[in-house]
Amino acid sequence: MIMRIRPVWLSVVFGVLAIGSSSVTGGGSDVLSSQSSPIESEGIVGSSPSPSSTSTSPTSSSSGVSEAERELLRAEAQAVCDLYNELKPVNWKDPCEEYTEEPPCNETAFFGLSCFDGHICSISLGSRTTKQGTIPQTIGNFSQLRNLDLSHDDINGVIPDTLSRLQLLAKLSFWRNNLTGEILCLQNLTSLMSIDLGSNLLTGTLPLWFSEFHFLLQLTLNANHFSGTVPPLPQSLQVLNLADNSFTSGTLDISSNLTCLLHLDLTGNQFSGSIPSSIFSMSSLNYLFLSRNQFTGSIPPELLCSLNKLSWIRLDENFLSGTLPTCSLSTSLGSIQLSSNQLSGDLPATLFVTTVKKLLLQNNLFSGTLPISPKALSKLLTLDLSSNMISGTIPQAFWVSLPRLNSINMSHNLLGGSIENYNSTTVIFDLSYNFLNGTLPLVLSEGKFVHCQLEQNCFTCNGCVMCQCNNTRGPSECFTQIAPSSSSSSSSTPQSLPPSSSQATSFPLSMPVSVSLPPGSMSASPPPAPSSSQSQSQPPSQSHSIPDDSSFITSTHSSSNYVESLSSSQSMRSHFSVAILLLASSFFLYFVM
């Protein structure tokens with residue numbers, strides 16, 4: 001009896017042990033899991049993380065941060081949602097439901113957003129929106145923003161006051177929108193290096209506090225409705241574009257401390273008086289545009305001869321008078337536009353130098369003869385002397401010295417003589433309304449001209465074989481005689497003439513400036529943009545950000561979970577086999593003993 005009781009007791013004991021070991025393994029005990037693998041104990045894979053740490057939801061990266069940081073992330077997420085609702089950026093998905101705790105920093109579906117350390121640091125949506133909305137008030141929630149580009153997006157309304165909270169902002173571009181109101185909200189943004197608010201409907205005067213923007217390199221406010229005077233500006237400025245506004249009808253009083261200025265554009269305002277001498281001290285100046293104002297007086301010699309880096313000067317459509325300076329021009333000058341003034345006297349020989357590529361002097365009162373010598377204009381591409389009182393003959397060497405010329409207009413003058421030696425490939429050729437005579441050169445019959453005008457002269461036809469000029473209106477007698485022999489009576493009539501070369505050529509309103517950020521700021525710098533005279537679709541400014549580790553952590557957690565689940569399933573199968581063997585041995589002992 002005693003011998004048969006022991007097996008029963010043993011079988012019960014072994015059965016309890018088997019069931020216990022199986023339940024402990026299946027329940028994921030911390031003790032077993034901590035001893036299951038030496039690899040896990042060394043921390044290479046790690047123990048099974050808690051469900052909150054393995055979650056791949058947008059709120060996963062906010063764990064372990066302070067409540068203040070969470071509030072900042074929630075505010076940025078709300079700002080992204082509002083930006084989406086107001087402007088509907090191209091190819092964005094709706095972030096409002098999925099991203100409520102933090103901004104979408106690890107998503108490729110939000111093109112134009114860049115992040116650093118979990119915060120939005122750059123927004124570049126130039127020409128990438130589909131809704132004509134407004135800038136949301138929550139734009140000020142992006143506390144770490146360095147770059148904000150909402151150019152060419154048809155945005156309405158005013159610039160929100162909350163923009164003043166973006167203390168780290170280095171680049172701001174709202175170019176080509178429909179923004180109204182004033183720009184007082186920019187006062188606290190002293191870290192700005194580039195401001196482009198051109199082509200809007202902004203009003204008011206320029207505030208005095210612009211002089212406190214010590215890092216500012218570019219200020220572009222063209223094509224708005226600003227008025228008043230130009231206040232003192234920071235010495236760091238390199239690009240100043242105030243064209244096409246309504247600035248004061250008084251004398252231009254621009255500071256002489258802008259020694260770093262490269263580009264000055266004051267076109268299309270109401271400045272009057274003489275050209276300010278403070279411009280002469282801008283030794284770094286490359287581009288000077290003062291056209292379409294009310295400047296009077298003569299052109300100072302320093303303007304054409306002392307600014308050694310000046311390459312393009314525009315003084316057209318003013319009330320300038322007197323003669324041109326006879327000093328030697330700066331060798332850097334490539335384009336001179338002095339048209340539509342009241343300039344008079346002879347054309348100085350120093351004006352025709354080898355570096356000039358564009359010379360526009362039309363609609364003035366110049367007289368005398370052409371002081372052109374061979375090889376004097378070897379690089380000249382465009383020459384316009386029309387609507388003056390230039391007389392004498394055109395030197396025969398004139399045509400030889402212009403190998404690259406593609407546009408010449410000397411119409412409405414008093415020129416005489418012959419042009420028989422003309423043998424150029426000029427595309428635009430206008431000598432109409434002069435007193436030229438002789439036979440026409442054979443090259444005029446080759447049909448290489450886009451625009452050719454020779455009417456109102458005294459040419460002889462000589463059988464009219466050489467008088468045919470493609471797409472042109474020539475001397476009326478010649479073209480009347482050759483019309484019957486032409487394949488079409490309209491062959492010598494221009495179908496569509498290009499615009500007159502006297503029209504002003506605009507310079508780009510904003511220039512890319514390569515700069516270094518001030519200490520303590522980090523800019524997601526976009527590449528040069530295009531400027532307002534470039535294509536309407538301004539090249540997007542691409543932002544570069546430092547990626548965070550959330551994607552790496554997520555992938556590591558996923559692989560860790562897979563390894564642990566595989567190891568756990570193998571361990572469960574082995575313990576279950578042991579339990580079956582223990583039960584079988586207990587029953588065997590019971591029946592045998």
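Residues numbered from 1 in each chain as written. Predicted model: local features only at pLDDT ≥ 70, side-chain atom pairs only at ≥ 80, totals over all residues. Heavy atoms only, no water.

The helix and strand inventory of the protein chain stands at 9 helices and 30 strands. Scored against the burial criterion, the 593 residues of the protein chain give a buried share of 46%. In the protein chain, 45% of the contacts between residues at least 6 apart in sequence involve partners at least 24 apart. Element-wise, carbon and sulfur atoms account for 55% of the exposed surface of the protein chain, whose accessible area totals about 27300 Å². (Helix = DSSP H or I, 4+ residues; strand = E, 2+ residues; numbered from the N terminus. Buried < 20%, exposed > 50% of the residue type's maximum accessible area, 1.4 Å probe, protein only. Contact = heavy atoms within 4.5 Å. Areas by Shrake-Rupley, 256 points an atom, 1.4 Å probe, with all protein chains shown as cover.)

Right, let's get into the packing of aromatic side chains. Scanning all chains against the criterion turns up 9 aromatic pairs. On the numbers, 6.4 Å between centres and 65 degrees between planes, the contact of Tyr287 with Trp312 is edge-to-face. With Tyr287 in strand E14 (residues 287–289) and Trp312 in strand E16 (residues 312–314), the pair connects residues that are 25 residues apart, well separated along the chain. Site record: aromatic cluster; members linked through ring pairs are Trp92, Tyr99 and Phe110. (Phe/Tyr/Trp six-rings, centres within 6.5 Å; stacked < 30°, edge-to-face > 60°.)

What follows concerns the pattern of salt bridges. This model, assessed by the stated rule, comprises 8 salt bridges. For Arg74, the salt bridge is made with Glu71, and the minimal N-O distance between the two is 2.8 Å. Placement of both Arg74 and Glu71 in helix H5 (residues 67–87) is noted, with a separation of 3 residues, approximately one turn of the helix. We note a salt bridge from Lys93 to Glu107, for which the minimum N-O separation is 3.4 Å. Linking Lys93 in the loop between H5 and strand E1 (113–116) with Glu107 in the loop between H5 and E1, this pair joins segments that are 14 residues apart in sequence. Under the relative-accessibility criterion, Lys93 is labelled partly exposed at 30%. Where salt bridges share partners, they join Glu67, Arg70, Glu71, Arg74 and Glu101 into one cluster. (Salt bridge = Lys/Arg side-chain N within 4 Å of Asp/Glu carboxyl O.)

The subject of this paragraph is the pairing of strand E2 (residues 119–124). The buried fraction of E2 amounts to 6 of the 6 residues, a majority that puts the element mostly inside the structure. Taking the residues that link successive antiparallel strands as the turn, the E1-E2 hairpin has 2 residues, and the phi of Asp117 there is positive, at about 60 degrees. Sheet topology note: the E2/strand E3 (residues 147–149) ladder contains 3 bridges and is parallel. Within E3, the residue paired with Ser122 across the bridge is Asn147. (Pairing = 2+ DSSP bridges.)

Another point: the sheet that holds strand E9 (residues 225–228). What the 4 strands build is an open sheet, ordered E5-E7-E9-E11; its pairing is parallel. For this open sheet the edge positions go to strand E5 (180–181) and strand E11 (246–247), each flanked by a neighbour on one side alone.

Attention now moves to the sheet that holds strand E19 (residues 342–346). A sheet is described by the order of its strands in space; here 5 strands give the open sequence E13-E15-E17-E19-E21, paired in parallel fashion. Either end of the sheet is taken by a strand with one partner, and the two such strands are strand E13 (272–273) and strand E21 (365–367). Examined bridge by bridge, strand E17 (residues 319–322) and E19 share 2 bridges and lie parallel to one another. The residue of E19 that forms the bridge with Gly322 is Leu343.

Here we come to the confidence of the model for the protein chain. Scored by pLDDT, the protein chain comes out at a mean of 75, with 65% of its residues at no less than 70. Within the model, the stretch residues 1–62 combines pLDDT values under 50 with 50 contacts to residues more than four positions away or in other chains. Low pLDDT, under 50, characterises residues 462–569; the predicted model gives this stretch 182 contacts beyond four residues in sequence or across chains. (pLDDT = per-residue confidence, 0-100.)

All chains considered together, the criterion is met by 3 disulfides. Residue Cys81 pairs covalently with Cys96 via a disulfide, S to S 2.0 Å. Its S-S torsion of approximately 100 degrees makes the covalent link between Cys81 and Cys96 right-handed. Taken together, the residues span a long stretch of sequence, with Cys81 in helix H5 and Cys96 in the loop between H5 and E1 at a distance of 15 residues. Accessibility expressed as a relative area gives 8% for Cys81, which makes it buried. Here Cys105 pairs with Cys115 through a disulfide, and the sulfurs are 2.1 Å apart. (Disulfide = S-S within 2.5 Å.)

Once that is clear, we can look at the side chain of Glu76. With respect to the secondary-structure elements, Glu76 resides in helix H5. Here Glu76 occupies a buried position and makes no salt bridge, while the nearest side chain of opposite charge, Arg146, is found at 8.6 Å. Those residues in contact with Glu76 that lie beyond four places of it in its chain are Pro103, His119, Ile120, Asn141, Phe142 and Ser143. (Lys, Arg positive; Asp, Glu negative; His and termini not counted.)

Below, the discussion takes up the nonpolar core. Leu163 and Phe429 are the most contacted members of the largest nonpolar core, which totals 112 residues. Among the elements of the structure, H5, E1, E2, helix H6 (301–305) and helix H7 (396–400) are those that each provide at least two residues to this core. The leading source of residues in this core is H5, at 5 residues. What Phe429 contacts, discounting residues up to four positions off in sequence, is Trp399, Ile408, Ile419, Tyr422, Leu444, Phe449, His451, Cys452, Gln453 and Leu454. (Core = buried A, V, L, I, M, F, W, Y, C linked by side-chain atoms within 4.5 Å.)

Before going further, it helps to examine the environment of Thr248. In this structure, Thr248 sits in the loop between E11 and strand E12 (263–265). For the pair Thr248 and Asn269, spaced 21 residues apart in sequence, the C-alpha to C-alpha distance is 7.6 Å. Beyond its immediate stretch of four places on either side in the chain, Thr248 contacts Gly228, Thr229, Gln270 and Phe271.

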